[in-house]
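# Reading the structure
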Amino acid sequence: FIDIDVEIEKVENSIIPNIVTDHGWKYFRKIESKVTVKVAKMKNSLISTGGGTILDSKNAKALKKSGKLIYLHVKPATAAAQILTSKTRPPLTAKKSISEEMKHLYKERHALYSKTANLILKRSDNPEKDANKIIKKLKLKN
């Protein structure tokens, strides 16, 4: 299991909010792309991406080349509720609330996620249940 955000923090020896504050989102996306292309080459891996990783077509292409892309769909209100508990996630937009931000990002990204994914599943509150659903669906596709 590889979490791209964790790998970025290792490479930068800093947490994501500090990376973004110190260097900006453009720099963060550049590092994210380097990490993504590197980890996409790994065999027998499950890679967890940040929400913006596939906005760069090079990242999406590298990930698709090495395996299947799974979009765990979640509605903006649910995403906002989950993010409210995060102490480390920096704002992605200038929206006044997390709820507004999630609606904006959903509108901006949903079509791309749907187009890029090999498999789309509705995300639940139970990661183990989601993992079992993914395994079952992937077995049916093979």
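Quick caveat, the model's predicted, so the values are computed rather than measured. (Residues numbered from 1 in each chain as written. Predicted model: local features only at pLDDT ≥ 70, side-chain atom pairs only at ≥ 80, totals over all residues. Heavy atoms only, no water.)

### Re the overall build of the chain
Quick reminder of the rule: Helix and strand assignments follow DSSP, with helices taken as H or I runs no shorter than four residues and strands as E runs no shorter than two, numbered in order from the N terminus. The buried label applies to any residue whose accessible area, calculated with a 1.4 Å probe on protein chains only, is under 20% of its type's maximum; exposed applies above 50%, and partly exposed to all values in between. Only heavy atoms enter the contact rule, under which two residues are in contact if any of them lie within 4.5 Å. Each accessible area is a Shrake-Rupley result for a 1.4 Å probe, and residues are judged covered by the shown protein chains and nothing else.
The secondary structure content of the chain amounts to seven helices and four strands. Going residue by residue from the N terminus, the α and β elements of the chain occur as β-α-α-α-β-α-β-α-α-β-α. For the chain, the spread of C-alpha atoms along the three principal axes comes to 45 × 30 × 25 Å. Counting across all 142 residues of the chain, residues that qualify as buried make up 32%. Put simply, 56% of the contacts in the chain that link residues at least 6 apart link residues at least 24 apart. As presented, the chain carries roughly 9700 Å² of accessible surface, and 55% of it is formed by carbon and sulfur atoms.

### Section: the pattern of salt bridges
This is how the line gets drawn: Basic side-chain nitrogens of Lys or Arg form a salt bridge, by our definition, when they fall within 4 Å of a carboxyl oxygen of Asp or Glu.
Across all of its chains, the model carries three salt bridges by this definition. The partner of Lys-10 in a salt bridge is Glu-7, and the shortest N-O contact between them spans 3.3 Å. Of the two residues, Lys-10 and Glu-7 both sit in helix α1 (residues 4-12), three residues apart, roughly one turn of that helix. Using a relative accessible area of 58% as the deciding quantity, one classes Lys-10 as exposed. Between Arg-29 and Glu-32 there is a salt bridge, with the nearest N and O atoms lying 3.0 Å from each other. Of this pair, Arg-29 and Glu-32 both sit in helix α3 (residues 25-40), three residues apart, which is roughly one turn of that helix. Residue classification places Arg-29 among the partly exposed positions, given a relative accessible area of 24%.

### Let's talk about the nonpolar core
Rule in force here: Buried residues of nine kinds, namely Ala, Val, Leu, Ile, Met, Phe, Trp, Tyr and Cys, make up a nonpolar core once their side-chain atoms join them within 4.5 Å.
Ile-2, Ile-4, Ile-8, Ile-16, Ile-19, Val-20, Phe-28, Ile-31, Val-35 and Val-39 together form the largest nonpolar core, which totals 10 residues. Looking at this core, the elements that each hand over two or more residues are α1, α2 (16-23) and α3. Discounting residues that sit within four places of it in the chain, Ile-16 has contacts with Asp-5, Glu-9, Phe-28 and Pro-90. Counting residues in hydrophobic clusters, the runner-up holds nine residues, among them Ala-40, Ala-60, Leu-63 and Tyr-71.

### Side note on unusual backbone geometry
Positioned with a positive phi, Asn-13 is a non-glycine residue whose angle comes to about 50°. Mapped onto the elements, Asn-13 comes out in the loop between α1 and α2. For Asn-13, a relative accessible area of 73% gives the class exposed. With a phi close to 50°, Asn-44 is a non-glycine residue in the positive phi region. Relative to the helices and strands, Asn-44 resides in the loop between α3 and β2 (47-48).

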